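What follows is each chain in one-letter form.
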Amino acid sequence: MKITSIILAAGQGTRMKSDLPKVLHPVCGKPMVWHALQAARVVSEEVPVMIIGHGADGVRDVIGSAARFVVQAERLGTGHAVQQAESTLKGDADLVLVSQSDMPLLTGDTLSKLVETQKANSGPMTMLTIIADDPRGFGRIVRADDGSVKAIVEEADATDAEKAIKELNVGAYCFDADWLWGALAEVPLSAKGEYYLTDTVALAVEAGLRVEAITLENAVEAIGVNNRIHLAEAEAGMRSRVNRGHMLKGITLIDPASTYIGMDVEIGQDTVIQPNTFLRGETKIGEGCEIGPNTIIIDCEIGDRCEILSSVLEKAILEDNVDMGPFARLRKGAYLSKGVHMGNFGEVKDSHLGKGVKVGHFSYIGNATIGAETNIGAGTITCNYDGENKHHTKIGEDVFIGSDTMLVAPLEIGDRARTGAGAVVTKNVKEDTLAVGMPARSIKKLK
Ligand code: UD1
Ligand code: CA
C-alpha cells in the first residue's frame, strides 16, 4: 500500500506578527516545518508533498530536496491547499496522510497510528482528536448518539453548545486517496470564504461512510503554534522531550529546565550537564564529561572526560581530557589535542594545540600551531594580523613562552626554546634558545 504525506505550509501566520513566515520560526533550533517533515518521514519513504505559498522561497531553501513542493497561489483554506497536491498524487498513492506544519511536537508514532487505523477502516478517513479544557480555537468534534464522528465544526461557525465540546480536531488525517480527491471537489465554500478540509468529515458521514478517530493521550503533541506564546510553549515542550531522551540514555542533567540542547546534539554516557548550558548545532560530546554551568557550545566535537566551565565554544574540536575555563573562548578552527589545559580568559581561533599544551591565563592564540607539552605564559598574544593579512605562528614542542610575550607573526619558535617575560618577538627563535627584550634578541644557546 503506497502512503504519501501532504504537509500544509502555505499559511501566513498573521498572528505571529513577524517578517519570517510562521513555519520557519525555529523550535529547539530547527524550523517548525522541519519538525513536521521529520514526523511525516517516519510514516513513509515516499518524498512528502509540501504545500507552500507565503514565504515559499524561504521554505524551499530550508527543506531542499526533502520534499516535493506545490505552490498554493491563493490561500483559500486547508481543503483547497490539499487539493493542490491532486495532480501530483492522483493515481500514485493509496493512502494520503495530511498534517500541518505549525504542530512541531506531533510525532511520527502518532502519524503511524493514524495510518494503521485507517488501514483497518472500511470508511475513507481517520482523524486525530484531543480532549482539552482550553479549545484554543480548534475545530470541535461533533459525535452522533452511537459515538461515531459526525462532523467537525470550526470555531467561527460553532453554536454555543458546540463551542462547549471538549473534543477537538488536532488537524492530522489519513485519507483513502481516491475518495479524498472526489470529496475535495464537493467541499462547499465556508462563510469565511475558505474551503475547509474539515468539511470532508460531514461529506463522508452523509454518504454513510465511517470516519474513524483516534484520541491523542499526550496533549503536548497537539501544541499548535499560532502566536509567540504558543511558540514558547512548543519550545518548552520540545526542550523537555529532548532532555528526557538524553537522561534516559545515561546523561545527567542537573537542571533540565535550564539546559538547552539542540535536535542534532549527541552526548555520551555519564556526561554531566550543569545548569544554564546551551548545546547547539552539530555538536557531539563524548563520555564522562562535565559541561557547564553557564556554557555555550555550538557545532563542536568534544572527546571523553573533558571539563568545560563557563565558556563559549564554536566550531572547535577537543580531543579527550581537555579542561577549560572559566571564561575561555574557542572560535572556528580551534583544535585542542588530548590533555590540553586552558584556563581563564583565553581565546583560540584557527589554531592547533598539541598534546598537553597549557594556556593558563589571558592569552590570544590565532593562526598558530603549538607543539606538544608547550607552556604559554599568562598574557601571551599571537599578533597574527597586520591590518591586511593574517600570519601564522609556529611554536615547537616543550617550548616555554614567558608571561606577556608578543609573538609577531609570521614567526617560528623552535623546540625547547624559551622567551623572557614581556618579550616582543619579531624574528624566529631557534630551538634550545632563550630570547628576551623588545624587540627580542636571542642572547644565548641553552644547554
Ligand atoms: C485548522 C483546522 C481546525 C483544527 C486546527 C488545528 C481547518 C479548516 N481547521 O484550523 O479544525 O482544529 O487546524 O490546528 O482545517 N494552510 C495552507 N493553506 C491555506 C490555509 C492553511 O497551507 O489556504 C495551512 C497553514 O499553513 C497551516 C495549516 O494549513 O499549517 C492550518 O491552517 P490554519 O489557518 O492554522 O488552521 P487553523 O485555524 O489552525
Ligand atoms: Ca493552526
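Residues numbered from 1 in each chain as written. Chains lettered and ligands numbered in written order. Predicted model: local features only at pLDDT ≥ 70, side-chain atom pairs only at ≥ 80, totals over all residues. Heavy atoms only, no water.

(A) The packing of helix H1 (residues 32-43) against helix H5 (residues 108-119), seen in detail. Close contact between H1 and H5 brings their axes to 8 Å; oriented N to C, the two are set at 45°. As the angle between them shows, H1 and H5 are arranged oblique. Seen along the crossing, H1 lies across H5 with a hand that is right-handed. Here Ala39, Ala40, Val42 and Val43 of H1 lie close against H5, whose contacting residues are Gly108, Leu111, Ser112 and Val115. Looking at the contact of H1 with H5, its residues break down into six nonpolar, two polar and no charged. (Axes fitted to C-alpha atoms, helices over the stretch in contact; angles between N-to-C directions. Helix = DSSP H or I, 4+ residues; strand = E, 2+ residues; numbered from the N terminus. Parallel < 35°, antiparallel > 145°, perpendicular 65-115°, else oblique. Left-handed = near helix turned anticlockwise from the far one by under 90°. Contact = heavy atoms within 4.5 Å. Nonpolar A, V, L, I, M, F, W, Y, C, P; charged D, E, K, R; others polar.)

(B) Examining the domain arrangement of the chain more closely. Each assigned domain of the chain is listed with its residue range as follows: domain 1 (3-222) and domain 2 (232-445). Contact residues are listed per partner, giving twelve residues for domain 1 and ten residues for domain 2. Regarding the contact of domain 1 and domain 2, the summed buried area is about 910 Å², with carbon and sulfur atoms giving 62% of it. Linking domain 1 with domain 2 are two salt bridges, by the criterion used here. Between Asp264 and Lys30 there is a salt bridge; the shortest N-O distance is 2.7 Å. The tally of links from domain 1 across to domain 2 stands at four residue pairs in polar contact (both at pLDDT 80 or more). Among the secondary structure elements, those contributing two or more residues to the side of domain 1 that touches domain 2 are strand E2 (26-27) and H1. Split into classes, the residues belonging to the side of domain 1 that touches domain 2 amount to seven nonpolar, two polar and three charged. (Domains from an automatic or database assignment. Buried area = accessible area lost by both parts, 1.4 Å probe. Salt bridge = Lys/Arg side-chain N within 4 Å of Asp/Glu carboxyl O. Polar contact = N/O pair within 3.5 Å; in protein donor to acceptor, adjacent residues only side chain to side chain.)

(C) Region of interest: the pairing of strand E29 (residues 358-366). For strand E27 (residues 341-349) and E29, the ladder comprises seven bridges, and the chain directions are parallel. When the bridges of E29 are listed, Glu347 appears paired with Tyr364. Sheet topology note: the E29/strand E31 (residues 375-376) ladder contains two bridges and is parallel. If you follow Val359 over to E31, its bridge partner there is Ile376. (Pairing = 2+ DSSP bridges.)

(D) Structural context of the site of ligand 1. Gly11, Gln72, Thr78, Glu154 and Asn169 are the nearest of the 21 residues found near ligand 1. Between an oxygen atom of ligand 1 and a main-chain N or O atom of Ala10, the distance comes to 3.0 Å. Between ligand 1 and the protein, one listed contact pairs an oxygen atom with a backbone N or O atom of Gly77 at 2.9 Å. Look at ligand 1: alone it shows 750 Å² of surface, and the protein chains cover 87% of it. Partitioning the shell around ligand 1 into residue classes produces nine nonpolar, nine polar and three charged. (Near = heavy atom within 4 Å. Areas by Shrake-Rupley, 256 points an atom, 1.4 Å probe, with all protein chains shown as cover.)

(E) Molecular detail of the coordination of the calcium ion (ligand 2). Taken together, Asp102 (OD) and Asn226 (OD1) make up the protein donors of the calcium ion (ligand 2), found 2.5 to 2.9 Å from the metal. Note that Asp102 is positioned in the loop between strand E6 (95-100) and H5 and Asn226 in the loop between strand E11 (211-215) and helix H9 (228-248), a separation of 124 residues in sequence. For the pair Asp102 and Asn226, one class covers both residues: buried. (Donors = N, O, S within 2.8 Å, 3.2 Å for Na, K, Ca; no water. Buried < 20%, exposed > 50% of the residue type's maximum accessible area, 1.4 Å probe, protein only.)

(F) Focus on the packing of aromatic side chains. Applying the stated criterion to the full structure yields four aromatic pairs. Between Phe327 and Phe345, the ring centres sit 5.3 Å apart and the planes meet at 20°, which makes this aromatic pair stacked. Pair noted here: Phe327 is in the loop between strand E24 (323-324) and strand E25 (329-330) and Phe345 is in strand E27, with a separation of 18 residues, a long-range link. With relative accessibility at 47%, the residue Phe327 sits in the partly exposed group. (Phe/Tyr/Trp six-rings, centres within 6.5 Å; stacked < 30°, edge-to-face > 60°.)

(G) Representation of helix H2 (residues 56-63) in the model. Turning to H2, its buried residues number three or more, namely Ala56, Val59 and Ile63. For H2, the arc enclosing every buried residue in end-on projection is 65°, short of the 170-degree limit, so these residues lie on one face. The outward face of H2, more than 90 degrees from its buried face, is lined by the exposed residues Asp57 and Asp61. Residues of H2 that are buried in the fold lie against H1, strand E4 (49-52) and strand E5 (68-71). Two residues or fewer after H2 comes Gly64, characterised by a positive phi angle close to 60°. (Arc of directions from axis to C-beta.)

(H) Region of the structure containing the side chain of Thr200. Looking at the secondary structure, you find Thr200 in helix H8 (residues 200-206). Owing to a relative accessible area of 0%, Thr200 belongs among the buried residues under this scheme. Beyond its immediate stretch of four places on either side in the chain, Thr200 contacts Met125, Phe175, Trp179, Ala183, Leu184 and Val187.

(I) Region of interest: the sheet that holds strand E30 (residues 368-370). Reading across the sheet, the nine strands line up as E14-E17-E20-E23-E26-E28-E30-E33-E36 and stay open at both edges, with parallel pairing between neighbours. Unpaired on one side and paired on the other, strand E14 (266-267) and strand E36 (411-413) mark the two borders of the sheet. Bridge count for strand E28 (residues 351-353) against E30 is two bridges, and the pairing is parallel. Looking across to E30, one finds that His352 is bridged to Thr369.

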